[in-house]
Amino acid sequence: MSRIDEPTLADLEAELGRDGVWVAPALREVVTARDEARIEEAVADQPTPTYVALVELSYDDPLTGGRPEELAFLVRDDTGREGTYLLLGPRYDQSTYELQVQAFPDEYDLYPAPAVAAAELPQDLPGQVLRTLELLRTEEADTLYDELREQEASDGSGDGTGTGVPAPGAAEDAGSGTDVGVVLAGVGLVLALLAAVLLLRRRRPVPRARGTAFVLPDTVVRTVREAEDRRHEALAEEAVLALGEAIDAADLDPRRAGGLAAWQAALDHYDVASRILHRRHSAADVVGALVLARRGREALTAAVRGRDWQPTPSCYFHPLHGGARSRVRWDHLDTWVDVPACRDCEVAVARDVEPRDVLDFVEGDRPAHYFRLDLGAWSRTGYGSLDTDLLGALLRP
Ligand SMILES: [Zn+2]
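Enquirer: Looking at this structure, I do not really get the packing of aromatic side chains. What am I missing?
Expert: The relative placement of two aromatic rings is captured by the distance of their centres and the angle of their planes. Per the stated rule, a full pass over the model turns up 11 aromatic pairs. Between tyrosine 370 and tyrosine 383, the ring centres sit 5.3 Å apart and the planes meet at 65°, which makes this aromatic pair edge-to-face. One end of the pair, tyrosine 370, is in the loop between β8 (366-369) and α13 (377-380); the other, tyrosine 383, is in the loop between α13 and α14 (390-395), and 13 residues separate them in sequence. Tyrosine 383 carries the same exposure label as tyrosine 370, and that label is buried. Ring pairing ties together the aromatic residues Tyr316, Phe317, Trp330, Tyr370, Phe371, Trp378 and Tyr383, which thus form one cluster.

Right, here's the structure in full:
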């Protein structure tokens, strides 16, 4: 796991400018100098400008928050270099890799290429990079991606661990349980299912295959949900604490006065997030505190760089998804509205299916999408997706 500080970012940007490829020192044993030379050749042969930045980002990386696409945005913003960025996605299984693509201008149909490469060569990172570059040059990836999904649906191997293409249905059903109260039958089974579901919840959505869905027992749904709530609570506490420490440690250069408003925004976000966690709070508040802490972190990064900061809309379907990249039409409480969506949710809506990982909370015995519940400023602003001034909405009486 690596953190990207400003000098490292400057090195990375210079290196991408030279030959289009940067490999984190921590990945040197996995990607040798010879591998890198082959990747550089392949990058030079791509028909469009292409950049490969291989780093396993630490989740508490101050510049990116651990999100590979943020790294691409930083490099693009700093250097103005548009094109296709190939990055290493977060790893939920330490023996396998999966790449992510971020293109400028946005292109939403590139994701099959890294997914197919990950399915073919799950443990071979340099091989995956070369294969992804090859697939990006051809029309092959879409067909291969569909074949993989069909194959998994038919042989029942779609547990999300082997091929990188998740099985349809399972994660979606994790959010649709109804009753609770049945005694847990086997802790081992629950934990195994929990692990599978948590893994699947983080993966990209695929259309639901009719008639093949695997329905989880309600108790497992409840257990998964409680584990998810605890995970959010731990993440929020950690993020708020880390933000406070980063604010204390940050050096604000007085010559870069442009960052003063961003500095104030970082402090305000920290203050409100911290207060939420220190009083009685709901699961919805915890997600809100986490959103505020992440925004505070973005504001702090801007402040330290002497830049202004404006909050950007988060994904309407789940505020903890990557940032919104486009707007999609969605049936919100029986009215069609344009809502911001992350890449994965945009792909789902474009395919006319509900995004798999919509934020929901249990009300009574039933989970409901957060935007169908009355959660005050959280639901009113879509956690800052419909109204980006989330802090203002919270502080207004
Ligand atoms: Zn999303």
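There is more to say, and it comes next.
Enquirer: Is there a simple way to explain the nonpolar core in this structure?
Expert: For soluble globular proteins, the rule of thumb is that nonpolar side chains tend to be buried together. Within the largest apolar cluster, 35 residues are counted, with the highest numbers of intra-cluster contacts made by Leu292, Phe317, Phe361 and Tyr383. When residues of this core are traced back to their parent elements, those giving at least two are α9 (218-249), α10 (260-278), α11 (283-304), β5 (326-332), β6 (335-341), α12 (343-350) and α14. A total of 8 residues in this core trace back to one element, the largest contributor, which is α11. The residues contacting phenylalanine 317, other than those within four sequence positions of it, are Val328, Trp330, Val339, Ala341, Cys345, Val349, Pro355, Asp357, Val358, Leu359 and Tyr370.

Enquirer: Whenever I open this one, the coordination of the zinc ion confuses me. Can you help?
Expert: Tetrahedral metal sites with four donors have an ideal angle of 109.5 degrees; octahedral sites with six donors have ideal angles of 90 or 180 degrees. The protein atoms that coordinate the zinc ion are Cys315 (SG), His321 (ND1), Cys342 (SG) and Cys345 (SG), at distances of 2.0 to 2.3 Å. The coordination sphere of the zinc ion comprises 4 donor atoms, whose angles at the metal cover 102 to 118°; the geometry is tetrahedral. All donors to the zinc ion come from one chain, and their sequence spacing reads C-x5-H-x20-C-x2-C. Taken together, the positions of cysteine 315 in the loop between α11 and β5 and cysteine 345 in helix α12 put the pair 30 residues apart, joining distant regions of the chain. Look at cysteine 315 and you get buried, because its relative accessible area is 0%. Owing to a relative accessible area of 2%, cysteine 345 belongs among the buried residues under this scheme.

Enquirer: Sorry if this is basic, but what is going on with the sheet that holds strand β2 (residues 50-54) here?
Expert: Within a beta sheet, neighbouring strands are joined by backbone hydrogen bonds and run either parallel or antiparallel to one another. Taken together, the 4 strands give an open sheet; going across it, the order is β1-β2-β3-β4, and neighbouring strands pair in mixed fashion. Edge positions in the sheet fall to β1 (21-23) and β4 (99-104), since each of these pairs with one other strand and no more. Here the strands of the sheet are splayed against their neighbours by 15° on average, with no regard to which way each runs. Note that β1 and β2 share 3 bridges and pair parallel. Each residue of the ladder has a partner; that of valine 23, found in β2, is leucine 54. Of the strands in this sheet, β2, β3 (83-88) and β4 are in contact with helix α3 (residues 68-79), which crosses β3 at around 140°.

Enquirer: For this particular structure, what's the right way to read helix α1 (residues 6-19)?
Expert: Spacing of three or four residues puts side chains on the same side of an α-helix, whose turn is 3.6 residues. Its 14 residues give α1 an end-to-end C-alpha distance of 20 Å, which sits within 8% of 20 Å, the value for a rise of 1.5 Å per residue. Taken as a whole, α1 has its buried residues at Leu9, Leu12, Glu13, Glu15 and Leu16. Seen along its axis, α1 keeps its buried residues to an arc of 165°; they face one direction. With respect to the buried face of α1, the exposed residues turned more than 90 degrees away are Pro7, Asp11 and Arg18. Positive phi shows up at glycine 20, right after α1, with a value of about 80°.

Enquirer: I keep staring at α3 and nothing clicks. Help me out?
Expert: With 12 residues, α3 extends 17 Å between its outermost C-alpha atoms, agreeing within 8% with the 16 Å of an ideal straight helix rising 1.5 Å per residue. Buried within α3 we find Pro68, Glu69, Glu70, Leu71, Ala72, Phe73, Leu74 and Val75. Remark: glycine 80 follows α3 within two positions and exhibits a positive phi of approximately 75°.

Enquirer: Explanation requested: the pairing of β4 in the structure shown.
Expert: Working note: regular strand, side chains alternate between the two faces of the sheet. Extensive coverage of β4 is indicated by the burial of 6 of its 6 residues. Side chains of β4 alternate between two faces, with Leu99, Val101 and Ala103 and Gln100, Gln102 and Phe104 buried alike. Two elements, β3 and β4, share 6 bridges in a ladder whose sense is antiparallel. The partner of glycine 83 across the bridge, within β4, is phenylalanine 104.

Enquirer: What's the story with the environment of arginine 67 in this structure? I'm lost.
Expert: Looking at the element boundaries, arginine 67 is found in the loop between β2 and α3. In this structure arginine 67 comes out as buried when scored by relative accessible area, which is 17%. Expressed as a C-alpha distance, the spacing of arginine 67 and leucine 57, which sit 10 residues apart in the sequence, is 7.2 Å. Among all residues touching arginine 67, those that are not within four sequence positions of it are Leu57, Glu298 and Gly323.

The rules behind each value
- Residues numbered from 1 in each chain as written.
- Predicted model: local features only at pLDDT ≥ 70, side-chain atom pairs only at ≥ 80, totals over all residues.
- Heavy atoms only, no water.
- Phe/Tyr/Trp six-rings, centres within 6.5 Å; stacked < 30°, edge-to-face > 60°.
- Helix = DSSP H or I, 4+ residues; strand = E, 2+ residues; numbered from the N terminus.
- Buried < 20%, exposed > 50% of the residue type's maximum accessible area, 1.4 Å probe, protein only.
- Core = buried A, V, L, I, M, F, W, Y, C linked by side-chain atoms within 4.5 Å.
- Contact = heavy atoms within 4.5 Å.
- Donors = N, O, S within 2.8 Å, 3.2 Å for Na, K, Ca; no water.
- Tetrahedral: all angles 85-135°; square planar, octahedral: opposite > 155°, others 65-115°.
- Pairing = 2+ DSSP bridges.
- Axes fitted to C-alpha atoms, helices over the stretch in contact; angles between N-to-C directions.
- Expected span 1.5 Å × (residues − 1).
- Arc of directions from axis to C-beta.

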